[in-house]
Amino acid sequence: MVTPEQKAAREAFSRLGSTLGPVVQMAATLCAVRALILAHPNPEAVRTSYDQLIGQLMATPGIADSPDQMVVLRDMTATLFRPPVQLDTGE
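Because the structure is a prediction, the values reported are computed rather than measured. (Residues numbered from 1 in each chain as written. Predicted model: local features only at pLDDT ≥ 70, side-chain atom pairs only at ≥ 80, totals over all residues. Heavy atoms only, no water.)

Engineer: Even after reading the chapter, I still don't get the overall build of the protein, so can you show me in this structure?
Structural biologist: Scanning the protein from terminus to terminus reveals three helices and zero strands. Element order for the protein, N to C, with α for helix and β for strand: α-α-α. Against the globule reference of 12 Å for 91 residues, the protein gives a C-alpha radius of gyration of 17 Å, more extended than a compact globule. Projected onto its principal axes, the C-alpha positions of the protein cover 45 × 40 × 30 Å. (Helix = DSSP H or I, 4+ residues; strand = E, 2+ residues; numbered from the N terminus. Rg over C-alpha atoms; globule rule 2.2 N^0.38 Å.)

Encoded structure:
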């Protein structure tokens, strides 16, 4: 059974379109992955495993031959592992 919230989300996704909808979902996924990395008791091990996996991905045909994909993957890596922004809450 679809809840009213799920129905509203599906309708909103439809209005966002085939490009922006997945971008918004990916942004939420990125936040979740960053939270997991930041909360992990051994972030160095996470980074080591990530570097191994992303290296394998970057070496695959189709990606290795695409400068644009390589730039995007490097930027995503930098985004995943940058320190969180400290918000000024005025306290």
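On we go.
Engineer: Can you help me understand the pattern of salt bridges in this one?
Structural biologist: Once the charged atoms of two side chains with opposite charge are near each other, the side chains can pair. Per the counting criterion, the structure on display carries two salt bridges. Of the charged contacts in the structure, one is a salt bridge between Glu11 and Lys7, with a shortest N-O distance of 2.6 Å. One end of the pair is Glu11 and the other is Lys7, both in helix α1 (residues 4-39) and four residues apart, which spans about a single turn. For the salt bridge of Asp51 with Arg47, the shortest nitrogen-to-oxygen distance reads 2.8 Å. Taken together, the residues Asp51 and Arg47, both in helix α2 (residues 43-58) and four residues apart, mark about one turn of the helix. Asp51 sits in the partly exposed class, given a relative accessible area of 36%. Using a relative accessible area of 32% as the deciding quantity, one classes Arg47 as partly exposed. (Salt bridge = Lys/Arg side-chain N within 4 Å of Asp/Glu carboxyl O. Buried < 20%, exposed > 50% of the residue type's maximum accessible area, 1.4 Å probe, protein only.)

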